[in-house]
Amino acid sequence: MDKALFKLSGIKETFVFLSVMAVLQGTFTILQAIYLATTITNLFHKEQLADQLLPMSLFFVCFVAKHIVIYFREKYMTCFSMKTGSNIRKKLTAKLFNLGPNITATEGTGNMVTMALEGISNVEQYLKLFLPKIMNMFVIPVMIFIYSLTIDIRSALILLLVLPILIFFLILLGIAARAKADKQYESYQVLSNHFVDSLRGLQTLRFLGLSKKYDRNIRNVSEQYRKATMGTLAVAFLSTFALEFFTSISIAIVALFLGLGLIKGSLLLLPSLIILILAPEYFAPIRDFGSDYHATLDGKNAFTAISSIMAQPSFKQDTTAISTWNDQSTISIKNMTVQHEGSNTPSLNQVSFDLKGYQKVGIIGASGSGKSTLIHALSGFAESNVSEVLLDGESINSFINRNWQKQIYYIPQHPYLFHDTVRNNIAFYTKDATDEQIRKACDLAGLTEVINSLPNGFDEIIGETGRALSGGQEQRIALARAFLDDSRKILLFDEPTAHLDIETEWEIKQRMLPLFENRLVFFATHRLHWMIDMDMILVMKNGEIVEQGTHEELLAKQGYYYDLVYQQTYGSEA
């Protein structure tokens, strides 16, 4: 049992409820056996059938009561698992938003999507099946054993001695099944990431003639997942067979000794029948737990993976009140440093700059220079050590501040498209937007022609398993979202056109430039032609700002920026 289960909301009350239900189920099971054995014994002794109406009626009442207990237990567990799954989904989503793009880069987008959707559904199934079965396994056999001691000590001891053998094989096969299931889940995670990444870049791969190579790659990963799944099923079937086999042998042993006792006259028929009827019920919770254990392994693995994400330290939120950014607002950053865990050198080192009002700030540098880290730090998705940050002259402790983040619109290299209509994807952040506002935003983003070409227009399903869009069309969706939400005055772009060809990038650029008006813009890229349109340029190298100024000022210095321009223009350093 995963220790994280005990941290779930309402888990203590659930265990108490399941304990009471298990005791009631065990009680009615024993009473069933007593009244059934009494009826059979009386008939064996040639009593009239009409005289057995009372024990038969009591047996029927206990039978119905037992199934009522099971019904209410299952109904309760369905509600509890759904409520818990909903809470986990909310917490996981909040955690992913808190950790930012770094977590998806580390764990994989496909893995995160699978975890948030199918993973949580598997967790719900895990809770619904696992908790009642394990509680029954601990309570009902103990109740039957104690009652058996009161009527026949030898039969009770046989039940007790056979039980460890059954549990030993259950543990042995369970360990093997868990190892197979872990391998299967790892293959599933890899398959999810491969599929999502390949789906995103399908058109580019076809254009470059690499689609067949990635097709073989997905086929190989799928084959690994198939083999892992079949291996898990083989162990599951073997475990089920072993449980049924040893349970049958155990019941047969009990029946053998009961029969010998009856022949010798050391046992009476009534207690013998009661024990014989209870013997299958004694092993039933263990058998049910063993069979459902394999059905819940995916849920347990998903719960463990989700718990590991939830256990990661959250960024500490700064609650300082921050005014809305306007054309007179100022920001001053002194000596901002970001040190990622496991790295010996800081990803961002002693970064300082000052800005005022609506400016377009270009962030340029080679790969690994710290551009994305700076964007993540400014957006509050990376913890940073800052000597001083002044917003409108007021000091704040961190950019991890809800009041700051609510003013930000972040556009990454690959905007995420939800499995939904075009309309709902565009209006994802502005649910109250009218159709007219959405159409206007699409016109500004250059999406109108694309939407008109779709069979269902704005109602066309896009995103995962929906109609695939090109990288340029995905960026236009992100731009339409930004045009639709005019309240956010701070725009952060992290290599938004790095994967686009030059013609598509030029078209996207013409749509982006109007969006920059009356906003503070941070635009990280390695393509220098954007810098001509920037009011200020931050030139980065090895996590530091080595130069800052306008395009003309930096060219006049003939420093590192000048070398970058010369290298991109002529293919070598000046």
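Worth saying up front: this structure is predicted, and the values here are computed from it rather than measured.

(A) Geometry of the overall build of the chain. Check the secondary structure of the chain and you find 18 helices and twelve strands. Residue burial in the chain is summarised as follows: out of 574 residues, 49% are buried.

(B) Spotlight on the side chain of T14. With respect to the helices and strands, T14 occurs in helix α1 (residues 11-44). Residue classification places T14 among the buried positions, given a relative accessible area of 1%. Within the structure, the side chain of T14 is placed 3.2 Å from the side chain of Y76, a separation counted as a polar contact. When residues no more than four places from it in sequence are discounted, the contact partners of T14 are Y76, M77 and F80.

(C) Region of the structure containing the sheet that holds strand β6 (residues 408-411). In space, the six strands of this open sheet follow the order β6-β9-β10-β3-β11-β12, with mixed pairing throughout. Since the sheet does not close on itself, it has two edges, and those belong to β6 and β12 (544-549), each with one partner. Going across the sheet, the axis of each strand differs from the next one's by a mean of 15 degrees, ignoring polarity. When strand β11 (residues 536-541) meets β12, the two strands line up antiparallel, connected through five bridges. Bridge pairing in β12 links L538 to Q548.

(D) Structural view of the packing of α1 against helix α2 (residues 53-99). Taken N-terminus to C-terminus, the directions of α1 and α2 make an angle of 160 degrees; their axes are 8 Å apart at the nearest point. Classified by the angle between their axes, α1 and α2 sit roughly antiparallel to one another. In the packing of α1 onto α2, the handedness of the crossing is left-handed. Each residue belonging to the contact of α1 with α2 can be placed in one class, and the counts come to 22 nonpolar, six polar and three charged.

(E) Expanded view of the sheet that holds strand β2 (residues 348-356). The antiparallel open sheet is built from four strands, whose spatial order is β2-β1-β4-β5. One side of each edge strand has no neighbouring strand; the edge strands of this open sheet are β2 and β5 (394-395). Pairing of strand β1 (residues 330-338) with β2 involves six bridges; the strand directions are antiparallel. The partner of V338 across the bridge, within β2, is L348.

(F) Spotlight on the pattern of salt bridges. Under the definition given, this model contains twelve salt bridges. The partner of K360 in a salt bridge is D535, and the shortest N-O contact between them spans 3.6 Å. One end of the pair, K360, is in strand β3 (residues 360-364); the other, D535, is in the loop between β10 (520-525) and β11, with 175 residues separating them in the sequence. By relative accessible area, which is 16% here, K360 ends up buried. R488 is the salt-bridge partner of D485, the closest N and O atoms lying 2.7 Å from each other. The buried category is assigned to D485, whose relative accessible area is 8%. In this structure, a network of salt bridges that share partners links the residues R423, D435 and D459.

(G) Here's a closer look at the packing of aromatic side chains. Throughout the structure, instances matching the rule amount to 18 aromatic pairs. Relative to F15, the ring of F6 lies with its centre 5.8 Å away and its plane at 25 degrees, an arrangement referred to as stacked. Given a relative accessible area of 16%, F15 falls into the buried group. Here a set of aromatic residues connected by ring pairs shows up, and it is made of Y409, F418, F428 and Y429.

(H) Structural detail: the environment of G119. Tracing the backbone shows G119 in helix α4 (residues 109-151). As a C-alpha pair, G119 and A302 span 183 residues in sequence and 5.2 Å in three-dimensional space.

(I) Layout of a nonpolar patch on the surface. Nonpolar side chains collect at one region of the surface, where F241, F245, I249, I253, L256, F257, L260 and I263 lie side by side and expose about 750 Å² of accessible area between them. With respect to the element layout, F257 can be found in helix α7 (residues 211-264).

(J) Looking closely at unusual backbone geometry. Although it is not a glycine, N335 adopts a positive phi angle of roughly 55 degrees. Within the secondary structure, N335 is located in strand β1. A positive phi angle is found at N542, which is not glycine, with a value near 55 degrees. Within the secondary structure, N542 sits in the loop between β11 and β12.

(K) Molecular detail of the pairing of β11. Buried residues dominate β11, accounting for five of its six residues. Pairing analysis gives four bridges linking β3 to β11, with the strands arranged parallel. Residue pairing in the sheet places G362 in a bridge with I537 of β11. Counting the residues that bridge the hairpin from β11 to β12 gives two residues, and of these N542 lies at a positive phi of roughly 55 degrees.

(L) Highlighting the environment of H526. With respect to the helices and strands, the residue H526 is situated in the loop between β10 and β11. By relative accessible area, which is 31% here, H526 ends up partly exposed. Contact partners of H526, with chain neighbours within four places excluded, come to I364, G365, K371, E495, A498 and Q568. Polar side-chain contacts of H526 include one of 3.0 Å to the side chain of E495.

(M) Region of interest: the environment of F257. Residue F257 is classed as partly exposed on the basis of its relative accessible area, which comes to 31%. Taking the C-alpha atoms as reference points, F257 and S272, separated by 15 residues in sequence, lie 9.6 Å from one another. Setting aside residues up to four positions removed in sequence, F257 forms contacts with R154, I158 and L267.

(N) Seen up close, the pairing of β3. Counting buried residues along β3, five of its five residues qualify, which places the element largely inside the surrounding structure. Burial of β3 is two-sided: the residues K360, G362 and I364 facing one way and the residues V361 and I363 facing the other way are all buried. Relative to β10, β3 runs parallel, the two sharing five bridges. Within β10, the residue paired with I364 across the bridge is T525.

(O) Geometry of the nonpolar core. Among the nonpolar cores identified, the biggest contains 57 residues, and L5, L92, L127 and L131 are the most heavily contacted of them. Counting residues per element, the ones that place at least two in this core are α1, α2, α4, α5 (153-200), α7, α8 (269-295) and α9 (297-310).

Rules of the game
Residues numbered from 1 in each chain as written. Predicted model: local features only at pLDDT ≥ 70, side-chain atom pairs only at ≥ 80, totals over all residues. Heavy atoms only, no water. Helix = DSSP H or I, 4+ residues; strand = E, 2+ residues; numbered from the N terminus. Buried < 20%, exposed > 50% of the residue type's maximum accessible area, 1.4 Å probe, protein only. Polar contact = N/O pair within 3.5 Å; in protein donor to acceptor, adjacent residues only side chain to side chain. Contact = heavy atoms within 4.5 Å. Pairing = 2+ DSSP bridges. Axes fitted to C-alpha atoms, helices over the stretch in contact; angles between N-to-C directions. Parallel < 35°, antiparallel > 145°, perpendicular 65-115°, else oblique. Left-handed = near helix turned anticlockwise from the far one by under 90°. Nonpolar A, V, L, I, M, F, W, Y, C, P; charged D, E, K, R; others polar. Salt bridge = Lys/Arg side-chain N within 4 Å of Asp/Glu carboxyl O. Phe/Tyr/Trp six-rings, centres within 6.5 Å; stacked < 30°, edge-to-face > 60°. Patch = residues over 30% accessible without salt bridge, like charges linked within 9 Å, V, L, I, M, F, W, Y side chains within 5 Å. Areas by Shrake-Rupley, 256 points an atom, 1.4 Å probe, with all protein chains shown as cover. Core = buried A, V, L, I, M, F, W, Y, C linked by side-chain atoms within 4.5 Å.

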